[in-house]
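If you want the building blocks of each chain, they are given just below.
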Amino acid sequence: MMVRRGLLAWVSRVVLLLVLLCCAVSILYMLACTPKGDEEQLGLPRANGPTGKEGYQAALQDWEEQHRNYISSLKRQIAQLKEELQERSERLKNAQYHPSDAGLGLEQGPPEKTQADLLAFLHSQVDKAEVHAGVKLATEYAAVPFDSFTLQKVYQLETGLTRHPEEKPVRKDKRDELVEAIESALETLNGPAEGSPNQRPYSASDFIEGIYRTERDKGTLYELTFKGEQKHEFRRLVLFRPFGPIMKVKQEKLNMANTLINVIVPLAKRADKFRQFMQNFREMCIQQDGRIHLTVVYFGKEEMNEVKGILENTSKAANFRNFTFIQLNGEFSRGKGLDVGARFWKGSNVLLFFCDVDIYFTSEFLNTCRLNTQPGKKVFYPVLFSQYNPGIIYGHHDAVPPLEQQLVIKKETGFWRDFGFGMTCQYRSDFINIGGFDLDIKGWGGEDVHLYRKYLHSNLIVVRTPVRGLFHLWHEKHCVDELTPEQYKMCMQSKAMNEASHGQLGMLVFRHEIEAHLRKQKQKTSSKKT
């Protein structure tokens, strides 16, 4: 009921403004036809002077433009209110959501009270957020920093490895969010309540810059700065997008007892790495999980017998028969190997895990793989933790610790490989329906991004998140001359990022200065003793 009343109020304001506009036009027309003496008495510009009819027309156009903008804004708000009214009426009719369901502790009641309680909650979000006053923080790391933006660029602190300190907002939701904030500010600036009839209309070209930050439990604060009327004047608007209460969407039981994972590994040579991979596979997949099939797609014949021997020894020792070995001729192609391995499966629809020989995973990750995929609906693209060169990380130690002790998620030991899309979990049916890999891509890199983009362009949900049980083990990377320029560039970037952290690489660059400093300190110490 309150929403309907608000809607009627908005409609009334629009009608009133249209009437006032018509009156203004009539008055200006009468003034334009007024005799010269009357114009001079009113202090208005003379019709035949330099600011006569042209001046009236210019003022009239400005006035009409402001009111057209305001009326357009009101129409948009009316349409939005109608849409919200329809949605809320349907929600109340179906009785699917009440604020009390969301954990707010609000009592169920008539729609008017429900809407009032929700509005009060949103206003309380502004009061709780750091908008009007600062809050006491325990450390300097507890402060929530702002990002800044202009019409073209966003300047951000949290960049990861794929984003840049300055960039155009690529994600549609982020782009739409900032555009909506600017449009809301312009509607406020151009509203009659904000100025006089002689105020010039504001446009996006008047926007100078903005800053924004998000408090995850409260909302997003925007501070937008526009050019003012005079040279050193500015207009600042502070907007807040409050987060609403948590809504219960779905609750379900998931039974993964019979969900088999087909782990597909493409391989050429690298028998030593495969032996290490099978040690991890035996412990995590055979001994702990027990719902795994392994498919090895091997290119060429060099070291093939050694690889088959490792597989057969594991089979005998662990009584494991759920594996397939496929041998292909020709040069290694990761995309082709995974594609052949996926299509080779003849059973019912199976969950695929595309894996590499230098990957270490835990049994917990295998359940994460199951839980984040659903045939015809979801595919899983985990962000794995990539290990730095142990020789650099533990160079100051007497010896490099065992592999299990190296797999610690810290800034000094590795990084989230957020530029990689090679490790993925998806059902075979989805892989076949999307068209599989591009088999024209040869050698290293490119095939995984191509498949990832196919899913992004589809209606399937792509789950992308860092996972704690999936590691890329460090190995020396060779970028061969046969790669295309784009592939070679990608390979070299990956090689550079794999070695060590920024600080550790800096220590290597300046190691001669550090050693010289240590020698000087030793000399001073020995001279003091003598």
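Position labels on residues start from 1 in each chain and follow its written sequence. For this predicted model, a pLDDT threshold of at least 70 governs which residues receive local features, and a threshold of 80 or more governs which side-chain atom pairs are given and counted, while totals over whole chains, interfaces and linings are taken from all residues. To obtain the side-chain values, all non-hydrogen atoms of the structure were used and water was disregarded.

- As named in an unreviewed UniProt entry, the protein chain is Hexosyltransferase, taken from Crocuta crocuta.
- UniProt positions are given in the numbering used here, feature names are shortened, and annotations may be inferred rather than shown by experiment. Quoted verbatim from the Catalytic activity (unreviewed entry) heading of the UniProt record, the comment on the protein chain is "3-O-(beta-D-GlcA-(1->3)-beta-D-Gal-(1->3)-beta-D-Gal-(1->4)-beta-D-Xyl)-L-seryl-[protein] + UDP-N-acetyl-alpha-D-galactosamine = 3-O-(beta-D-GalNAc-(1->4)-beta-D-GlcA-(1->3)-beta-D-Gal-(1->3)-beta-D-Gal-(1->4)-beta-D-Xyl)-L-seryl-[protein] + UDP + H(+)".
- Recorded under Subcellular location (unreviewed entry), the UniProt text for the protein chain is reproduced unchanged: "Golgi apparatus, Golgi stack membrane".

1. Some points on the packing of aromatic side chains
For step 1, the next point in the chain: When two rings of Phe, Tyr or Trp (its six-membered ring) have centres within 6.5 Å they constitute a pair, described as stacked for plane angles under 30 degrees, edge-to-face for angles over 60, and tilted for the intermediate range. Under the criterion given, the structure shown has 25 aromatic pairs.
For step 2, the next point in the chain: Geometrically, the ring pair formed by Phe-281 and Phe-320 is edge-to-face, given 5.6 Å between the ring centres and 65° between the ring planes. In this pair, Phe-281 sits in helix H6 (residues 271–289) while Phe-320 sits in the loop between helix H7 (304–318) and strand S9 (323–328), placing the two residues 39 residues apart along the sequence.
For step 3, the next point in the chain: In this structure, Arg-200 packs its charged tip against the face of Tyr-202, placed 4.5 Å from the ring centre.
For step 4, the next point in the chain: Taking the ring centre of Tyr-452 as reference, the NZ or CZ of Arg-464 above it sits at 5.8 Å. Secondary structure counts use DSSP, requiring at least four H or I residues in a row for a helix and at least two E residues in a row for a strand, with both numbered from the N terminus. Charge-over-ring contacts are defined here by two conditions on Lys NZ or Arg CZ: a distance within 6 Å of the ring centre and an angle within 35 degrees of the ring normal.

2. Regarding the nonpolar core
For step 1, the next point in the chain: By convention a nonpolar core is built from buried Ala, Val, Leu, Ile, Met, Phe, Trp, Tyr and Cys residues, the set being connected through side-chain atoms within 4.5 Å. In this scheme, a residue with accessible area under 20% of its type's maximum is buried, one over 50% is exposed, and one in between is partly exposed, where area comes from a 1.4 Å probe on protein chains only. Counting 45 residues, the largest nonpolar core has Phe-274, Phe-277, Phe-281, Leu-294, Phe-353, Phe-361 and Phe-365 as its most contacted members.
For step 2, the next point in the chain: Residues count as neighbours in contact if any of their non-hydrogen atoms are within 4.5 Å of one another. Setting aside residues up to four positions removed in sequence, Phe-281 forms contacts with Ile-286, Ile-292, Leu-294, Phe-320 and Phe-361.
For step 3, the next point in the chain: If you look at the next biggest cluster of nonpolar residues, it comprises 22 residues, including Val-297, Leu-328, Phe-354 and Tyr-381.

3. Let's talk about the side chain of Asn-262
For step 1, the next point in the chain: Mapped onto the fold, Asn-262 is located in strand S7 (residues 261–267).
For step 2, the next point in the chain: Ignoring anything within four residues of it in the chain, the contact list for Asn-262 reads His-293, Leu-294, Thr-295, Gly-341, Trp-345, Val-350, Leu-351, Leu-352 and Phe-353.

4. Quick look at the packing of H6 against H7
For step 1, the next point in the chain: At a closest axis distance of 10 Å, the pairing of H6 and H7 adopts a crossing angle of 20°. It follows that H6 is roughly parallel to H7 by the angle criterion. Relative to H7, the crossing made by H6 is right-handed. Contacts between H6 and H7 involve Ala-271, Asp-272, Phe-274, Arg-275, Met-278, Arg-282 and Ile-286 from the former and Glu-306, Val-307, Ile-310, Leu-311, Thr-314, Ala-317 and Ala-318 from the latter.
For step 2, the next point in the chain: Side-chain classes follow a simple rule in which Ala, Val, Leu, Ile, Met, Phe, Trp, Tyr, Cys and Pro form the nonpolar group, Asp, Glu, Lys and Arg form the charged group, and the remainder, Gly included, forms the polar group. Across the contact of H6 with H7, the residue classes tally to nine nonpolar, one polar and four charged. Lines fitted to C-alpha atoms define the axes, with helix axes restricted to the stretch in contact, and inter-axis angles between N-to-C directions lie between 0 and 180 degrees. To sort the angles, those under 35 degrees are grouped as roughly parallel, those over 145 as roughly antiparallel, those from 65 to 115 as roughly perpendicular, and the leftovers as oblique. In this scheme, a crossing is called left-handed if the near helix is turned counterclockwise away from the far one by less than a right angle; it is called right-handed if the turn is clockwise.

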